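# Descriptive analysis of the structure
This is what each chain is made of:
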Amino acid sequence: MRKGLVILILLFIPTLVFASKCDEVKHQEYIAYASKVTYDNSFSKSNNRFTVTLYNVIDGLKIKYNNRYYEKNNDDTVTIGYVAEGTTMRIEIYGEENCDIAGVIYINQLYYNPFYGGSECSGYENKIRSCTAQFTTTKVTKETLDIAKSNYDNTIVQEEKKEEVKKPEVKTIDKITEFMLNWGIKALLLIITSIISITYYNSKFRKIKHGI
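The text that follows walks through the structure, step by step, so that each part is easy to find.

What counts, and at which threshold
- Residues numbered from 1 in each chain as written.
- Predicted model: local features only at pLDDT ≥ 70, side-chain atom pairs only at ≥ 80, totals over all residues.
- Heavy atoms only, no water.
- Core = buried A, V, L, I, M, F, W, Y, C linked by side-chain atoms within 4.5 Å.
- Buried < 20%, exposed > 50% of the residue type's maximum accessible area, 1.4 Å probe, protein only.
- Helix = DSSP H or I, 4+ residues; strand = E, 2+ residues; numbered from the N terminus.
- Contact = heavy atoms within 4.5 Å.
- Salt bridge = Lys/Arg side-chain N within 4 Å of Asp/Glu carboxyl O.

## Considering the nonpolar core
- Grouped together as the largest cluster of nonpolar side chains are 20 residues, with contacts concentrated most on Leu54, Ile63, Ile80, Met89 and Ile91.
- For this core, the elements supplying multiple residues, two or more each, are α2 (24–34), β2 (49–55), β3 (61–65), β5 (78–84), β6 (88–95) and β7 (103–108).
- If we ignore the near neighbours within four places in the chain, the residues touching Met89 are Val52, Tyr65, Ile80, Val83, Ile105, Tyr106, Ile107 and Gln109.
- Counting residues in hydrophobic clusters, the runner-up holds eight residues, among them Phe115, Cys121, Tyr124 and Leu145.

Here's what the structure looks like:
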């Protein structure tokens, strides 16, 4: 009896080993198909949950999320519903053969902001993060919104200090040059005027003296 059982097990071992072997060629095909799977993400305000719809899930591909396999619809779509806000989703795509994962889709679900566009955010649009987007990376509550508004209202705006314009340092040679230009010209004009006046009056005086 024992000998017959051993023989029966040995007969089934090749079949089991063969069945568990992955067809690498087929697996590469599934990887190519998995890369073409896209998704759409929608949110329902009534239950505060997201619904993910996968497209191009052709025959031969299987979708697994959160340890559960999802059946595809007739239009080659798969729907994953009732996903909570802030959930980090890892959606795995498999082929029919006994192979590794053919593809993975990661989705980081955001949080719905109930105050966006409402009276609580009036006057704070584009001023605080809690009022600038309908979906946020962190949950916006009444408490966090009030804190953000208070911080904004009490922000101290410091006046920018005007930099003093330093006057260029005047060198000694520059001072002398400036002095010569300012007073040298005046002195030269005075000398020329004096020479002309003296010459004129000397000539006038000689004429008077000689009775001319």
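## So, the pattern of salt bridges
- Going through the model one piece at a time under the given rule, you end up with seven salt bridges.
- With a closest N to O distance of 3.7 Å, Glu120 and Lys149 form a salt bridge. Of the two residues, Glu120 sits in the loop between β8 (111–112) and β9 (135–136) while Lys149 sits in helix α3 (residues 142–153), which places them 29 residues apart along the sequence.
- Take Glu120: its relative accessible area is 28%, and that puts it in the partly exposed class.
- Taken together, the shared-partner salt bridges in this structure form one network comprising Asp59, Lys72 and Asp76.

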